[in-house]
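Observations on the three-dimensional arrangement
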Amino acid sequence: MQTPVVTPFRDEATGSWQYVFHDPGTMIGAIVDPVLDFDPGAAATGTRNAEAILHHVRETGIEIAWILDTHPHADHFSAAVWLQDRLGGKRAIGERVTGVQALWKTLYHLPDLPGDGSQWDRLFADGDTFEVGGIPVRVIFSPGHTLASVTYVAGDAAFVHDTLMMPDSGTARADFPGGSSFDLYDTLQRLLSLPEDTRLFVGHDYAPNGREPACCATVAEHRAGNIHLRDAPDREAFCRLRDARDATLALPDRMLAALQVNIRGGRLPDPEADGQRYLKIPLDRFAPR
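Cut-off values and rules
- Residues numbered from 1 in each chain as written.
- Predicted model: local features only at pLDDT ≥ 70, side-chain atom pairs only at ≥ 80, totals over all residues.
- Heavy atoms only, no water.
- Helix = DSSP H or I, 4+ residues; strand = E, 2+ residues; numbered from the N terminus.
- Rg over C-alpha atoms; globule rule 2.2 N^0.38 Å.
- Buried < 20%, exposed > 50% of the residue type's maximum accessible area, 1.4 Å probe, protein only.
- Contact = heavy atoms within 4.5 Å.
- Salt bridge = Lys/Arg side-chain N within 4 Å of Asp/Glu carboxyl O.
- Pairing = 2+ DSSP bridges.
- Polar contact = N/O pair within 3.5 Å; in protein donor to acceptor, adjacent residues only side chain to side chain.
- Axes fitted to C-alpha atoms, helices over the stretch in contact; angles between N-to-C directions.
- Arc of directions from axis to C-beta.
- 1 Å grid on protein atoms, 1.4 Å probe; cavity = no way out; pocket = protein on both sides within 12 Å on 5 of 7 lines; lining within 4 Å.
- Points joined across faces, edges and corners; volume = space filled by probe spheres on them.
- Nonpolar A, V, L, I, M, F, W, Y, C, P; charged D, E, K, R; others polar.
- Phe/Tyr/Trp six-rings, centres within 6.5 Å; stacked < 30°, edge-to-face > 60°.
- Lys NZ or Arg CZ within 6 Å of the ring centre and 35° of its normal.

A few words now on the overall build of the protein. Assigned secondary structure in the protein consists of eight helices and 15 strands. Here the C-alpha atoms of the protein give a radius of gyration of 18 Å, agreeing with the 19 Å that 2.2 N^0.38 yields for 289 residues. Projected onto the principal axes, the alpha-carbon positions of the protein cover approximately 55 × 45 × 35 Å. The proportion of buried residues among the 289 residues of the protein is 54%. Of all intrachain contacts in the protein linking residues separated by at least 6 positions in sequence, the fraction that spans at least 24 positions is 67%.

We now examine the pattern of salt bridges. Tallying each qualifying case throughout the model produces twelve salt bridges. Sharing partners across several salt bridges, the network here consists of D11, D37 and R48.

Taken together, the three strands give an open sheet; going across it, the order is β5-β4-β7, and neighbouring strands pair in antiparallel fashion. Each edge of the open sheet carries a strand with a single partner, namely β5 (44–46) and β7 (77–78). Inspection of the sheet shows strand β4 (residues 35–39) paired to β7 by two bridges, in the antiparallel sense. Opposite L36, over in β7, you have F77 as the bridge partner.

This part takes up the side chain of T151. Turning to its location among the elements, T151 is positioned in strand β12 (residues 150–154). A polar side-chain atom of T151 sits 2.9 Å from a polar atom in the side chain of S142. Not counting chain neighbours up to four residues away, the residues in contact with T151 comprise R138, V139, I140, S142, A158, F159, V160, H161 and L191.

Tracing the backbone shows D112 in the loop between α3 (97–107) and β9 (122–124). With a relative accessible area of 75%, D112 lands in the exposed category.

The strand order across the open sheet built from six strands is β1-β2-β3-β6-β8-β9, with neighbouring strands paired in mixed fashion. Two strands in the sheet have a free side with no partner beyond their single neighbour: β1 (5–11) and β9. Here the average twist between neighbouring strands, direction ignored, is 25 degrees. Sitting on the sheet, helix α1 (residues 48–60) is in contact with β1, β2 (16–23), β3 (28–32) and β6 (63–68), with an inclination near 160 degrees to β1.

When we look at burial in helix α4 (residues 181–191), the residues that qualify are S181, L184, Y185, T187, L188 and L191. The arc that holds every buried residue of α4, seen down its axis, measures 165 degrees, which confines them to one face. Contacts made by the buried residues of α4 are with β11 (135–141), β12, β13 (157–161), α5 (219–225), α6 (227–231) and α7 (235–246). Structurally, the start of α4 carries an N-cap: the backbone nitrogen of F182 is 3.3 Å from a side-chain oxygen of S180.

Looking at the largest pocket, its volume works out to about 520 Å³. Lining the largest pocket are 24 residues, and of these M165, R173, H204, Y206 and L249 lie nearest its centre. Of the residues in the lining of the largest pocket, the class split is nine nonpolar, eight polar and seven charged. Each pocket or cavity is described by its volume, and for the second largest pocket that value is around 280 Å³. Lining the second largest pocket are 14 residues, and of these L110, R264, L268, P269 and D270 sit closest to its centre. Among the residues forming the lining of the second largest pocket, the class breakdown is seven nonpolar, two polar and five charged.

Turning our attention to the packing of aromatic side chains. Applying the stated criterion to the full structure yields twelve aromatic pairs. Between F38 and F77 the ring centres are 4.5 Å apart and the planes differ by 20 degrees, which places this aromatic pair in the stacked class. Separated by 39 residues along the polypeptide, F38 in strand β4 and F77 in strand β7 bring together distant segments of the chain. Accessibility expressed as a relative area gives 11% for F38, which makes it buried. Classification of F77 by relative accessible area gives buried; the value is 1%. Taken together, the ring pairs connect Y19, F21, F159 and F201 into an aromatic cluster. The aromatic ring of W82 is capped on one face by R86, whose charged end is 3.8 Å from the ring centroid.

Shape descriptors only; they carry no functional weight alone.
Below you can see the structure in the form of structure tokens.
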């Protein structure tokens, strides 16, 4: 099985992992889930994370073929558009993003927002395949955290986004609109049926108990030690555990800002007549936790 070179980048503010992977034979690569910085207190955007990726790609000599979103993120803005403007390549996401667009354009009251996924260059269906250089990539529909999530399996590396965390942290939450712990359980079983030496690259790590942040564990390591799957061995037990845990979690402080950007494919709202961009926040739509 081909082995891509994977370079991780961590956003300290959100605990998010971003990735560049490439085929060392052709030096063709892809970017997965890049972060556009956002300070929720000042409502200020920045490009520190994206510039680090840009510098790495240029310094390494990688030709970017794809910029891949696994799903519309709730905790950070996507930097896919910013990076495409500088590196080229095609932007892509799973085809079920249209369901997320339909849900959130209603919550934001954005009747004019196109809800057909046309903000991306390609919408992937379950089982679709493509290549990054000589590395074959397969798309796995992976709902649960959101109704549109996908995993990209590139050779012996799988970018599993917000499904699994590191084994000592368990799994991702499933309580956002459109999420489902039942769907998440089924997704996890599918991912853990991959070959046991497959490297699973996660979307977040909050480094519990003071350990160093980590981004990768194998299928075998998750099967043996993932705390949520070890303690909840069947579907019903897992859903009880996951739902109970989710009921204690606050909503991400960037969620209502981020999703209105991310359902646009990472484009900020257009400037209004005064030249200023504005975000919309639906009041009293979500109960405090």
